[in-house]
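# A closer look at the structure
This is what each chain is made of:
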Amino acid sequence: MKTIDEIERAHPDLTALRRDIHAHPELAFQETRTSTLVAERLRGWGLEVHTGLGKTGVVGILRAGSGKKTIGLRADMDALPMPEHNRFAHKSTISGRMHGCGHDGHTAMLLGAAQYLSTHRDFDGTVVFIFQPAEEGGNAGARAMMQDGLFDRFPCDAVFGIHNMPGMPVNQFGFRAGPTMASSNRWDIVIKGVGGHAAQPHASVDPIIVAADMVHALQTVISRSKNPLDQAVLSITQIHAGDAYNVIPGEAVLRGTVRTYSVEALDKIEADMRRIATTLPQVYGGTGELDFVRAYPPLVNWEQETAFAAQVAEDAFGAEHVLRDMPPFMGAEDFSFFLEAVPGSYLFLGNGDGGHRLESYHGMGPCQLHNPNYDFNDELLPVGATYWVKLAQAFLAKP
Ligand SMILES: [Zn+2]
Ligand SMILES: [Zn+2]
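Residues numbered from 1 in each chain as written. Chains lettered and ligands numbered in written order. Predicted model: local features only at pLDDT ≥ 70, side-chain atom pairs only at ≥ 80, totals over all residues. Heavy atoms only, no water.

- Going by what an unreviewed UniProt entry lists, the chain is known as M20 aminoacylase family protein and is assigned to Achromobacter veterisilvae.

Structure representation (structure tokens):
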């Protein structure tokens, strides 16, 4: 893997930095230690630094030459509310919190690129380094930064983000144009009946019967009424009703999630769900209501920017390290908000199994994201930092 020598020399420092962040995980919008660390580093390298976008977000600006083009490079900084089971020295120092998604590594890779570019400035234009809070758990730190004027204050011609991907070979880059990650949406259906004595069903409207029917009716939204060519998932993950053996409850609640790759499919599914949620209970004499919350939109990579980003990886590391048609997956990611506003691409970098192939995984392969034994692979740090540098240099090529 041909990385930049100077970045390679910074590898021990980047590793120490990454492990320090790993040991001090911070949850959404609470990334004060991490963002202070990021801002201090950026200032130390002479970047113009802006803090407080999306509460704890940090933006670093680096200019060179007289070019007007601007590229945005983004890393996420937040950790997860989960326990860590690793025993290595840099394991989480805070119980119930863990960098289980590798955002510690994303932050360190982007800092590595900022350090290199700050001393070389061999490009023509502006690089906007975006350190984003609160990607996890539907907190939409990306949107929070935009609401604080991210792209009004720092307009970007294109924006890019990287996520590490366990199970993909180390140093393998993955690209995909078009819909790549799913929209994430949560919903509640409240069914109102008439409560009563379990021995007198004729004097009640039983919401449990309605709920049971609704479980099946909702699945027909996926199997019968959406276009079969649209990928979508509707999962009912909670049913709550009743407290006693001999009481018919007055209410039942269903909750769950919907994932889609397009807004059109999502509109259709939400409308179909609403129709079922309101009319099906009426068949039984009850009423029903749907509350549908759209958390993250589908992540749709831009055609041209994705081809450009893939070409940069091929030129830097060779075609054998580049997968141009990575399969999509149903996870969600709030970088999708950026891509609704600005052209760009979200790409993936193989994390391998990082020596974390677990016995407890019983043939399930490498340790995945959000697993308590996951760790970001430090081998990727110079590779990711080199890629960021090459991408910025190519996008802001000197005339
Ligand atoms: Zn995650
Ligand atoms: Zn993540």
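From this point, the discussion proceeds with the structure in view.
### Examining the coordination of the zinc ion (ligand 2)
- Listed as protein donors to the zinc ion (ligand 2) are Cys101 (SG), His103 (NE2) and His163 (NE2); their distances from the metal cover 2.1 to 2.3 Å.
- Between consecutive donor residues of the zinc ion (ligand 2), the sequence gaps follow C-x1-H-x59-H.
- For His163, a relative accessible area of 6% corresponds to the buried category. (Donors = N, O, S within 2.8 Å, 3.2 Å for Na, K, Ca; no water. Buried < 20%, exposed > 50% of the residue type's maximum accessible area, 1.4 Å probe, protein only.)

### Observations regarding unusual backbone geometry
- Phi angles above zero are rare outside glycine, and Ala140 is one such case at about 55 degrees.
- Residue position: Ala140 is located in the loop between strand S4 (125–132) and helix H5 (141–147).
- With a phi close to 75 degrees, Asn171 is a non-glycine residue in the positive phi region.
- Assignment of secondary structure puts Asn171 in the loop between strand S5 (158–166) and strand S6 (173–174). (Helix = DSSP H or I, 4+ residues; strand = E, 2+ residues; numbered from the N terminus.)

### Digging into the coordination of the zinc ion (ligand 1)
- Within the protein, the zinc ion (ligand 1) binds to Cys101 (SG), Glu136 (OE), Glu136 (OE) and His370 (NE2); these donor distances fall in the range 2.0 to 2.8 Å.
- Each donor residue of the zinc ion (ligand 1) belongs to the same chain, with the gaps between them written as C-x34-E-x233-H.
- The zinc ion (ligand 2) is placed at 3.2 Å from the zinc ion (ligand 1), the two being bridged by Cys101. Of this pair, Glu136 sits in the loop between S4 and H5 while His370 sits in the loop between strand S16 (344–352) and helix H11 (380–395), and the two are 234 residues apart along the sequence.
- The class for Glu136 is buried, based on a relative accessible area of 8%.

### Some details on the side chain of Asn351
- If you trace the backbone, Asn351 turns up in strand S16.
- A relative accessible area of 2% means that Asn351 is categorised as buried.
- Among the polar contacts made by the side chain of Asn351, one reaches the main-chain carbonyl oxygen of Asp375 at a distance of 3.3 Å. (Polar contact = N/O pair within 3.5 Å; in protein donor to acceptor, adjacent residues only side chain to side chain.)

### Topic: the UniProt feature "binding site: Mn(2+)" (unreviewed entry) in the chain
- When the UniProt feature table is mapped to this numbering, "binding site: Mn(2+)" (unreviewed entry) covers Cys101, His103, Glu136, His163 and His370. For this annotated set, covering 270 residues, all C-alpha atoms fall within 13.2 Å of each other, a compact arrangement in space.
- Along the polypeptide, His103 turns up in helix H4 (residues 103–120).
- Residue class for His103 comes out buried when judged on its relative accessible area of 0%.
- Apart from the residues lying within four places of it in its own chain, the contact partners of His103 are Asp76, Met77, Asp78, Glu135, Glu136 and His163.
- Classification of His370 by relative accessible area gives partly exposed; the value is 39%.
- Leaving out residues up to four positions away in the same chain, His370 has contacts with Leu80, Met82, Gly100, Cys101 and Glu136. (UniProt positions renumbered as here; feature names shortened; annotations may be inferred. Contact = heavy atoms within 4.5 Å.)

### A short note on the domain arrangement of the chain
- Domain boundaries assigned for the chain yield domain 1 (5–182 + 298–395) and domain 2 (184–296).
- The C-alpha-based centres of domain 1 and domain 2 are spaced at 38 Å.
- Between domain 1 and domain 2, the contact holds 21 residues from the first and eleven residues from the second.
- With both chains or domains summed, domain 1 and domain 2 bury close to 1,100 Å², and 65% of this area falls on carbon and sulfur atoms.
- Counting the surface domain 1 buries against domain 2, the share from its top three residues, Ala182, Pro298 and Met330, is 50%.
- In this assembly, domain 1 and domain 2 are joined by zero salt bridges. (Domains from an automatic or database assignment. Buried area = accessible area lost by both parts, 1.4 Å probe. Salt bridge = Lys/Arg side-chain N within 4 Å of Asp/Glu carboxyl O.)

### Side note on H4
- The terminal C-alpha atoms of H4 lie 26 Å apart, and with 18 residues this matches the ideal 26 Å at 1.5 Å per residue to within 8%.
- Of all 18 residues making up H4, 15 are buried, and the element is well covered by its neighbours.
- Just downstream of H4, Arg121 is the residue with a positive phi angle, here 45 degrees. (Expected span 1.5 Å × (residues − 1).)

### Details of helix H7 (residues 207–225)
- At Gln219, H7 is deflected by roughly 30 degrees, the largest bend along its length.
- Every buried residue of H7 is accounted for by Pro207, Val210, Ala211, Met214, Ala217, Leu218, Val221 and Ile222.
- Of the surrounding elements, those touching the buried residues of H7 are strand S8 (183–192), strand S10 (232–241), strand S11 (247–248), strand S12 (251–260) and helix H8 (263–283).
- Sitting at the head of H7, Asp206 places a side-chain oxygen 2.9 Å from the backbone nitrogen of Ile208. (Bend = angle between axes of the 7 residues up to and from the residue.)

### Some details on the packing of aromatic side chains
- The full count for this structure, using the stated rule, is twelve aromatic pairs.
- Measuring from ring centre to ring centre gives 5.6 Å for Tyr346 and Phe348, while their planes differ by 85 degrees; the resulting arrangement is edge-to-face.
- Classification of Tyr346 by relative accessible area gives buried; the value is 1%.
- For Phe348, a relative accessible area of 1% gives the class buried. (Phe/Tyr/Trp six-rings, centres within 6.5 Å; stacked < 30°, edge-to-face > 60°.)

### Some details on the environment of Ala241
- Topologically, Ala241 is positioned in strand S10.
- On the basis of relative accessible area, Ala241 is assigned to the partly exposed category, the value being 32%.
- Residues Ala241 and Ala211, 30 residues apart in the sequence, show an inter-C-alpha distance of 9.1 Å.
- Aside from chain neighbours lying at most four places away, what touches Ala241 is Ile208, Pro249, Glu251 and Ala252.

### Looking at the packing of helix H2 (residues 11–23) against helix H3 (residues 32–44)
- For the pair H2 and H3, the least separation of the axes is 11 Å and the interaxial angle reads 155 degrees. Regarding the angle of H2 to H3, the classification is roughly antiparallel. Contacts between H2 and H3 involve Asp13, Leu17, Asp20 and Ile21 from the first element and Arg33, Thr34, Leu37 and Arg41 from the second.
- Residues that form the contact of H2 with H3 fall into these classes: three nonpolar, one polar and four charged. (Axes fitted to C-alpha atoms, helices over the stretch in contact; angles between N-to-C directions. Parallel < 35°, antiparallel > 145°, perpendicular 65-115°, else oblique. Nonpolar A, V, L, I, M, F, W, Y, C, P; charged D, E, K, R; others polar.)

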